[in-house]
Amino acid sequence: MTPNREEIVQEELMLNLGPQHPSTHGVFRMVLDLQGETIVGVTPYMGYLHRGFEKLAERRTAIQYQPYPDRWDYLAAMFDEMAYIGAGEALLGIEAPRRAQVLREIVMELNRFASHLLWLGTFLLDVGALSPFLYTFREREMVLDLLMELTGARLTYAYMRFGGVHHDAEDVWLKKVRAGIPYFRQRLSEYRTLIDDNEIFRRRVEHIGIIDGTHALHYGLSGPMLRASGVPWDLRWKRPYGIYAEIPPRIITDLAGDTYARYKVRVEEMAVSLDLLEIFLDLVESGPIMASVPKVVKFPKQETYFAVEGPRGELGVYLVGNGTAYAQRMKIRPPSLFNLQVLSQLLIGHMVSDAVAILGSIDIVLGEVDR
């Protein structure tokens, strides 16, 4: 029997997107239930990495584990290091010297800028723009060159240590960072001239994937995802660590809560990172880069939670000590995982063509999703 037109229209189609799809940015897969071109259901499969970083903390000493956090979010490794090192220092009662704290803030803001550059280029590539992808990677290479000159690595740095940092920064390196700021500002302005009012881009990203501040809080969103919904929450100033407590707040928000708002918040935060770099460079003073730390670090029988404001949001570490050199338990609070929880809310009711843009606006890194 031949189905009539009404039965054909109501038939649902299941479409698999990823994990090999370029827009899923790693081993992420989602199954879309479609009625025509409209998404009516979403089933996300978070990933296939299964690297067990939380359990590894129970099998490696506190010192041995120091290089591992870089692999959680490999696009923002400095923040991973700071989250683990900060939790360990809180348990041990150690405070890094001021010079080391300032250097930590400098490398984190450089890393934030590099991470947002990669997101911007790949996000625009997802929605069909090739040229900005090439431009943002050009600038990102310059930032990675600076980080490599300081640490010897381009992605996984192993730079921070309990009580300080591994390498001191030479004056010539600090001058290179300062000289790069006006250049990056100029390039950022060029990006915005090219992108902000581009009619094709605006039509692809405006008024899609909307979530308001109340729902964003209920889902546990953080970072640009939360601030783009109008919630002024940034751990650098709401729960300050390091030198941020001395800096006037610069929290970027937008009330629209759509995909375009998330783009605007991240781009404006790149400008804030450049401003912060200038401030921190002015605060660099001579002095040691390491506090006095025992050769064998043993976590006391206490527990703590320490979080940093990463490029994707609140990256936290819950750490439990048991009086030995090994953690009794460590739990990572990865922002990408929490931000992905809202995917179904953002996608349902939109077209398939919108799914790629909305997913890209979340800015996920699967290394911290599937730990």
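Scoring rules and cut-offs
Residues numbered from 1 in each chain as written. Predicted model: local features only at pLDDT ≥ 70, side-chain atom pairs only at ≥ 80, totals over all residues. Heavy atoms only, no water. Pairing = 2+ DSSP bridges. Helix = DSSP H or I, 4+ residues; strand = E, 2+ residues; numbered from the N terminus. Buried < 20%, exposed > 50% of the residue type's maximum accessible area, 1.4 Å probe, protein only. Polar contact = N/O pair within 3.5 Å; in protein donor to acceptor, adjacent residues only side chain to side chain. Contact = heavy atoms within 4.5 Å. pLDDT = per-residue confidence, 0-100. Axes fitted to C-alpha atoms, helices over the stretch in contact; angles between N-to-C directions. Parallel < 35°, antiparallel > 145°, perpendicular 65-115°, else oblique. Phe/Tyr/Trp six-rings, centres within 6.5 Å; stacked < 30°, edge-to-face > 60°. Expected span 1.5 Å × (residues − 1). Salt bridge = Lys/Arg side-chain N within 4 Å of Asp/Glu carboxyl O. Core = buried A, V, L, I, M, F, W, Y, C linked by side-chain atoms within 4.5 Å.

Undergrad: What is the right way to read the pairing of strand E3 (residues 38–45) from this model?
TA: In regular strands, side chains alternate between the two faces of the sheet. In terms of strand pairing, strand E2 (residues 29–35) meets E3 through seven bridges, oriented antiparallel. Residue pairing in the sheet places Met30 in a bridge with Pro44 of E3. Linkage of E2 to E3, two consecutive antiparallel strands, is achieved through a turn of two residues, within which Gly36 is found at a positive phi near 65°.

Undergrad: What should I look at first to understand the side chain of Asn111 in this one?
TA: Relative to the helices and strands, Asn111 is located in helix H4 (residues 98–126). The class for Asn111 is buried, based on a relative accessible area of 2%. At a separation of 3.4 Å, a polar atom in the side chain of Asn111 contacts the main-chain carbonyl oxygen of Leu75. Beyond its immediate chain neighbours, meaning those up to four positions away, Asn111 contacts Leu75, Ala76, Ala77, Met78, Phe79, Leu147 and Tyr157.

Undergrad: So what exactly am I meant to see when it comes to the confidence of the model for the protein here?
TA: Should pLDDT be low for a region, the predicted coordinates there are not to be read in detail. Residues of the protein with pLDDT of at least 70 account for 97%, and the chain-wide mean is 93. Highest mean pLDDT in the protein belongs to strand E6 (residues 303–310) (98); lowest belongs to helix H1 (residues 5–10) (56).

Undergrad: For this particular structure, what's the right way to read the sheet that holds strand E8 (residues 327–333)?
TA: In a beta sheet, neighbouring strands are held together by backbone hydrogen bonds and run either parallel or antiparallel to one another. A sheet is described by the order of its strands in space; here three strands give the open sequence E6-E7-E8, paired in antiparallel fashion. Edge positions in the open sheet fall to E6 and E8, since each of these has one partner strand only. Taken over all neighbouring pairs, the strand axes of this sheet differ in orientation by 15° on average, direction set aside. Each of E6, strand E7 (313–321) and E8 touches helix H3 (residues 77–92); the most contacted strand, E6, lies at about 150° to it.

Undergrad: Please clarify how the packing of H4 against helix H14 (residues 352–362) should be interpreted in this entry.
TA: Think of two packed helices as two axes; the pair is described by the angle between the axes and how far apart they sit. For the pair H4 and H14, the least separation of the axes is 9 Å and the interaxial angle reads 175°. When the axis of H4 is compared with that of H14, the two are roughly antiparallel. Facing Trp119, Phe123 and Asp126 of H4, the residues of H14 in contact are Val356, Ala357, Gly360 and Ser361.

Undergrad: Would you explain the packing of aromatic side chains in this entry?
TA: Both the distance between ring centres and the angle between the ring planes are used here to describe each pair of aromatic rings. Counted under the stated rule, the structure contains 16 aromatic pairs. With a centroid separation of 5.2 Å and 5° between ring planes, the pair formed by Tyr65 and Tyr68 is classed as stacked. Ring geometry for Tyr260 versus Tyr263: centroids 5.7 Å apart, planes at 20°, classification stacked. Of this pair, Tyr260 and Tyr263 both sit in helix H11 (residues 259–283), separated by three residues, roughly a single helical turn.

Undergrad: Where do I start with H3 in this structure?
TA: Across its 16 residues, H3 extends 22 Å between first and last C-alpha, which sits within 8% of the 22 Å expected from 1.5 Å per residue. Of all 16 residues in H3, 14 are buried, a share of seventy percent or more. Gly93 sits one or two positions beyond H3 and adopts a positive phi of about 70°.

Undergrad: What exactly am I supposed to notice about the pattern of salt bridges here?
TA: Pairing is possible between side chains that carry opposite charge, provided their charged atoms lie close to one another. Scanning the entire structure with this criterion turns up 32 salt bridges. Between Arg99 and Asp168 there is a salt bridge whose closest N-O contact spans 2.8 Å. Residue Arg99 is located in helix H4, and its partner Asp168 is located in the loop between strand E5 (164–165) and helix H6 (171–195); the two are separated by 69 residues in the primary sequence. Overall, Arg99 belongs to the buried group, its relative accessible area being 9%. On the basis of relative accessibility, which here comes to 38%, the residue Asp168 falls in the partly exposed class. The salt bridge partner of Glu314 is Arg239, with a shortest N-O separation of 3.8 Å. Note that Glu314 is positioned in strand E7 and Arg239 in the loop between helix H10 (235–238) and H11, a separation of 75 residues in sequence. For Arg239, a relative accessible area of 39% corresponds to the partly exposed category. One continuous salt-bridge network, built from bridges that share partners, spans Glu109, Arg112, Arg227, Asp234, Arg236, Glu269 and Glu309.

Undergrad: What exactly am I supposed to notice about the pairing of E6 here?
TA: Burial analysis of E6 places six of its eight residues in the buried class, which makes it a mostly covered element. In this structure, E6 lies alongside E7, joined through eight bridges in antiparallel fashion. Within E7, the position partnered with Val308 by the bridge is Leu315. If you look at the hairpin formed by E6 and E7, you'll find two residues sitting between the two strands.

Undergrad: Can you walk me through the nonpolar core in this structure?
TA: Nonpolar side chains in soluble globular proteins generally cluster together in the buried interior. Membership of the largest hydrophobic core comes to 113 residues, with the highest contact counts inside it found for Met30, Ile106 and Trp173. By residue number, the principal contributor to this core is H4, which donates 14 residues. Excluding residues that lie within four positions of it along the chain, Met30 makes contacts with Leu15, Asn16, Leu17, Val42, Thr43, Pro44, Leu343, Leu347, Ala355 and Leu359.

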